Amino acid sequence: MGVCWGPVVRVLVLQAAWALGGGQVRYSLPEEAKAGTVVGRLAQDLGLEAGEPEARRLRLVAQGRRASVEVSGASGALVVSSRLDREELCGKSAPCALRLEVLVERPLRVFHVELEVTDINDNAPLFPAARKNLSIAEFTTLPGSRFPLEGASDADVGANAQLSYTLSPSEHFGLDLQRSEEYRESLFLVLAKPLDRETMPVHRLVLTASDGGRPSLTGTMELVISVLDANDNAPQFNQSVYKVQLLESAAEGTLVARLNATDPDEGLSKEFSYSIVSSVPAGNKDLFTIDAKTGEIRLTGALDFEDVRSYEIQIEARDKGWPPLSGHCKVVVEVLDVNDNAPEVWVTSLSVPVPEDAAVGTVVALLSVSDRDSGANGRVRCAVRPAAPFGLVARLTGSYSLVLREALDRERVAEYEVEVRAEDGGAPPLRASRGLRVPVSDVNDNAPAFAQAVYTVLARENNAAGAELARLWARDPDEAGNGRVSYSVAEGGGGGVGAAAGGGWRPASSYVSVDAESGRLWALQPLDYEEVQVLQFEVRAVDAGEPPLCGNATVQLFVVDENDNAPALLAPAGVGPGPGAAGSATSGPSSGALWAWAAWGAPAGQVVAKIRAVDADSGYNAWLRYELWEPRGKGPFRVGLYSGEVSTARALEEADGPRQRLVIVVRDHGEPARSATATLSVSLGEGAEAALAAAGSSSSSPGAGLRPAAGAEAGAAAAAASSSSSTNVWLVVAICAVSSLFLLAVVLYGASRWAPRAAVLSGPGPATLVCASEVGSWSYSQRQSRSLCVADGAGKSDLMVFSPNFAAPPPGPAAKETQPEPPVLPDTVVDCIPCQ
């Protein structure tokens with residue numbers, strides 16, 4: 001069998017129609033084409049360049065049936081892969097079209113291809129039986145009597161299935177073929193001349209069926225006609241055709257129709273019985289049964305509208321006369337569709353995982369939806385659950401794309417369970433669903449984030465090198481390398497310290513280091529509060545993504561003071577507070593020899609001198625107390641516990657001697673306490689001598705109210721010589737001068753005694769407010785520091801770290817001797833914030 005040029009011309013016409021309409025390719029191919037036959041150049045018709053079919057993975061997807069064609073990977077041509085039998089694929093349906101889907105990737109696209117399999121005349125007409133027996137009565141059967149015959153069937157369609165019939169030559173019989181647009185053709189054997197059983201009891205004829213193909217194929221059936229006697233009236237039906245409609249869901253035993261036939265004969269010739277002669281389509285005869293007496297036809301099987309939509313049943317009513325006569329009618333059963341088929345959802349392509357930065361509109365999957373029912377029962381609506389972030393886009397009938405409707409975030413949802421639901425338009429509607437698992441792949445879209453923007457860390461000075469100071473942690477919600485965080489100290493971010501001793505600026509990385517993996521903050525060297533009090537720097541957390549993202553946190557490292565500095569004595573002050581007052585002089589950092597003057601008869605509480613010392617530490621460690629070490633017992637002098645003022649414990653007498661040696665110990669409140677020792681020599685004399693000595697010391701040394709021992713002895717000797725050689729006149733002058741000096745000393749003493757203390761100290765640096773407390777005045781640090789508030793219950797106003805300050809002004813005489821100690825600095829300090 002050759003292929004004519006007609007299909008080729010149709011291919012060209014269909015391709016042109018596709019080019020105009022866009023989106024679908026149509027081919028036509030005769031059935032029984034050999035394997036390897038080229039159906040069409042699919043890649044070229046789809047507009048693909050050479051090499052693209054294989055690169056873009058051009059492939060074929062068939063829907064629900066064997067395609068029998070495939071795509072050649074190299075050339076992109078559509079070729080026959082197995083035997084194509086139109087009758088097997090489509091039966092009697094015409095045209096026979098196979099719907100195919102063609103997929104290409106990069107980008108993912110779908111094309112619809114319709115392959116029409118045309119019929120060739122490869123099936124000959126076929127009768128239900130090779131022989132048919134008929135009985136016809138002689139004489140009583142009139143010319144023109146008709147006897148129905150089962151026609152032949154041809155599996156082909158179109159002209160190849162158009163049948164014509166011929167009968168072998170006979171003077172008694174002829175054929176009558178009736179065709180109508182509403183019903184199938186009916187074939188009758190027509191009696192042309194009365195029969196004579198005595199002449200010929202049996203007639204043998206050959207019925208030939210020829211189709212309309214080229215060349216024509218034929219099929220035959222032998223007719224064996226027996227000539228009978230008597231019984232000249234056959235049963236007659238009241239209708240020649242009965243039309244019945246049945247739902248395909250009708251149950252077994254359902255009444256299809258009730259037939260009625262009559263016979264005017266008498267006796268046995270009047271009695272008849274019903275029977276089913278044949279049914280079309282063939283092979284469904286057992287689907288119906290008829291009651292031989294009542295003529296009721298009932299359903300004995302299941303109907304399926306999707307397989308067979310109508311049945312034609314030939315019914316015979318045969319009497320019991322001799323010879324028996326029969327009447328015939330046709331019952332046409334139309335099957336009505338019900339919604340008994342749920343939609344079917346197929347996933348033809350799935351592209352997962354989906355990157356979380358995929359653009360809106362990205363195609364995730366291709367789906368095909370179909371329903372075997374017809375009309376409204378076969379119309380399908382589709383929806384996707386959940387409604388976000390995916391949606392369905394209809395492309396062609398029964399074809400959908402699952403696309404991205406909203407932006408994805410893997411950190412919020414790492415995987416989606418998507419359900420595609422299909423619902424038909426029947427009543428009640430039937431539903432089907434298909435689940436899809438769509439994982440989301442991670443991209444580096446989250447920077448590491450610290451739990452705190454600012455970390456406050458307290459570290460005691462003199463800590464060991466390598467000690468752990470704190471542990472930082474940054475969270476990155478990304479996964480794998482995108483969420484793996486490494487830590488480092490960021491240089492150039494304001495972290496660094498200017499050395500107090502002129503050592504220049506030092507970066508924070510010279511003091512601390514952070515572990516790249518764990519975020520532990522280590523000390524690289526012991527910290528010295530006197531060198532650095534606050535170290536502020538940034539720690540950077542960087543993930544391992546591409547490109548890497550980072551986050552920063554500020555670390556404020558406060559160094560907590562330790563008692564590692566002993567008190568240091570200061571140089572003498574500029575001006576003494578009164579006639580017997582003095583500053584101090586020192587000969588070393590921990591001890592010194594000081595001199596002061598006092599007059600016999602000075603009352604109790606008279607300030608003789610003031611010991612001044614400072615401690616480089618801060619807080620408790622810099623809070624100093626003064627103790628009189630020697631002489632012990634009840635001496636003429638005492639020392640203010642916190643003021644350092646040396647005053648008379650009682651009135652001075654000549655019995656106290658010309659000189660008193662005092663040993664004063666200065667201690668801080670640290671643990672363990674550190675101390676310094678000062679030695680004070682107090683020279684005792686008459687009031688005039690003491691005043692002159694004090695005045696001479698003030699004029700010769702404006703920076704000190706006390707003087708060394710040698711100066712004191714020289715002043716005493718000069719006073720004694722002047723007293724022994726003076727005349728009366730000079731005696732009067734001396735008395736007046738002494739009286740004037742005494743009055744001046746009393747005024748100065750009273751002014752210094754009741755003068756108010758200063759609360760704010762100032763110096764070359766910025767002014768610093770010192771918080772006052774009921775414990776009295778403290779000694780102050782010479783190093784810059786910061787005030788702290790301890791977050792442990794209510795705030796404490798008596799715990800502080802001092803800013804730089806300088807020598808205090810002379811205190812008044814009313815300084816308290818004993819004062820309560822401030823609370824001890826706790827060893828464990830919680831996070832602190834700067835005082836408001």
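(A) Representation of the overall build of the chain within the structure. Looking only at helices and strands, the chain features 7 helices and 55 strands. Counting all 836 residues of the chain, 43% fall into the buried class. Long-range pairs, those at least 24 residues apart, make up 68% of the contacts in the chain with a sequence separation of at least 6.

(B) Seen up close, the sheet that holds strand 14 (residues 218-228). If you walk across this open sheet you meet the 4 strands as 8-14-13-10, and the pairing is mixed. Unpaired on one side and paired on the other, strand 8 (131-137) and strand 10 (164-167) mark the two borders of the sheet. On average, each strand axis in the sheet is inclined to that of its neighbour by 25 degrees, with strand direction left out of account. Pairing of strand 10 with strand 13 (residues 202-210), which is carried by 4 bridges, proceeds in the antiparallel orientation. Residue serine 164 lies in a different strand from strand 13, and its bridge partner there is serine 210.

(C) Broad picture of the environment of tyrosine 529. The topology assignment puts tyrosine 529 in the loop between strand 40 (520-523) and strand 41 (534-543). Accessibility expressed as a relative area gives 2% for tyrosine 529, which makes it buried. For the pair tyrosine 529 and serine 618, spaced 89 residues apart in sequence, the C-alpha to C-alpha distance is 9.1 Å.

(D) Spatial organisation of the packing of aromatic side chains. Inspection of the entire model under this criterion finds 9 aromatic pairs. With a centroid separation of 5.2 Å and an interplanar angle of 10 degrees, the aromatic rings of tryptophan 623 and tyrosine 642 are classed as stacked. On the criterion of sequence distance, the pair formed by tryptophan 623 in the loop between strand 46 (613-614) and strand 47 (624-630) and tyrosine 642 in the loop between strand 48 (637-639) and strand 49 (645-648) is long-range, its members being 19 residues apart. Looking at tryptophan 623, the relative accessible area reads 0%, which means it is buried. On the accessibility criterion, tyrosine 642 (5% relative accessible area) is buried. Each member of the aromatic cluster is reached from another via a ring pair, and the members are Phe237, Phe272 and Tyr274. Over the aromatic face of phenylalanine 188 sits the side chain of arginine 146, whose NZ or CZ is 4.3 Å from the ring centroid. Over the ring of tryptophan 629 we find arginine 632; its NZ or CZ atom is 4.0 Å from the centre of that ring.

(E) Just unusual backbone geometry, in detail. The omega torsion of the bond from arginine 385 to proline 386 falls at -5 degrees, within 30 degrees of zero and hence cis. Structurally, proline 386 can be placed in the loop between strand 27 (380-385) and strand 28 (390-396). Positive phi, close to 65 degrees, is recorded for asparagine 462, a residue that is not glycine. Along the chain, asparagine 462 turns up in the loop between strand 33 (454-460) and strand 34 (468-471). We classify asparagine 462 as partly exposed; its relative accessible area is 45%. Positive phi outside glycine occurs at alanine 480, with the angle close to 55 degrees. For alanine 480, the position within the fold is in the loop between strand 35 (474-475) and strand 36 (485-490). Overall, alanine 480 belongs to the exposed group, its relative accessible area being 65%.

(F) Structural context of the sheet that holds strand 5 (residues 78-80). The antiparallel open sheet is built from 3 strands, whose spatial order is 2-5-4. Whereas interior strands pair on both sides, the edge strands pair on one side only; in this sheet they are strand 2 (38-40) and strand 4 (69-71). Ignoring strand direction, the axes of neighbouring strands in this sheet form an average angle of 35 degrees. With 2 bridges joining them, strand 2 and strand 5 adopt antiparallel strand pairing. Across the sheet, glycine 40 pairs through a bridge with leucine 78, a residue of strand 5.

What counts as what
Residues numbered from 1 in each chain as written. Predicted model: local features only at pLDDT ≥ 70, side-chain atom pairs only at ≥ 80, totals over all residues. Heavy atoms only, no water. Helix = DSSP H or I, 4+ residues; strand = E, 2+ residues; numbered from the N terminus. Buried < 20%, exposed > 50% of the residue type's maximum accessible area, 1.4 Å probe, protein only. Contact = heavy atoms within 4.5 Å. Pairing = 2+ DSSP bridges. Axes fitted to C-alpha atoms, helices over the stretch in contact; angles between N-to-C directions. Phe/Tyr/Trp six-rings, centres within 6.5 Å; stacked < 30°, edge-to-face > 60°. Lys NZ or Arg CZ within 6 Å of the ring centre and 35° of its normal.

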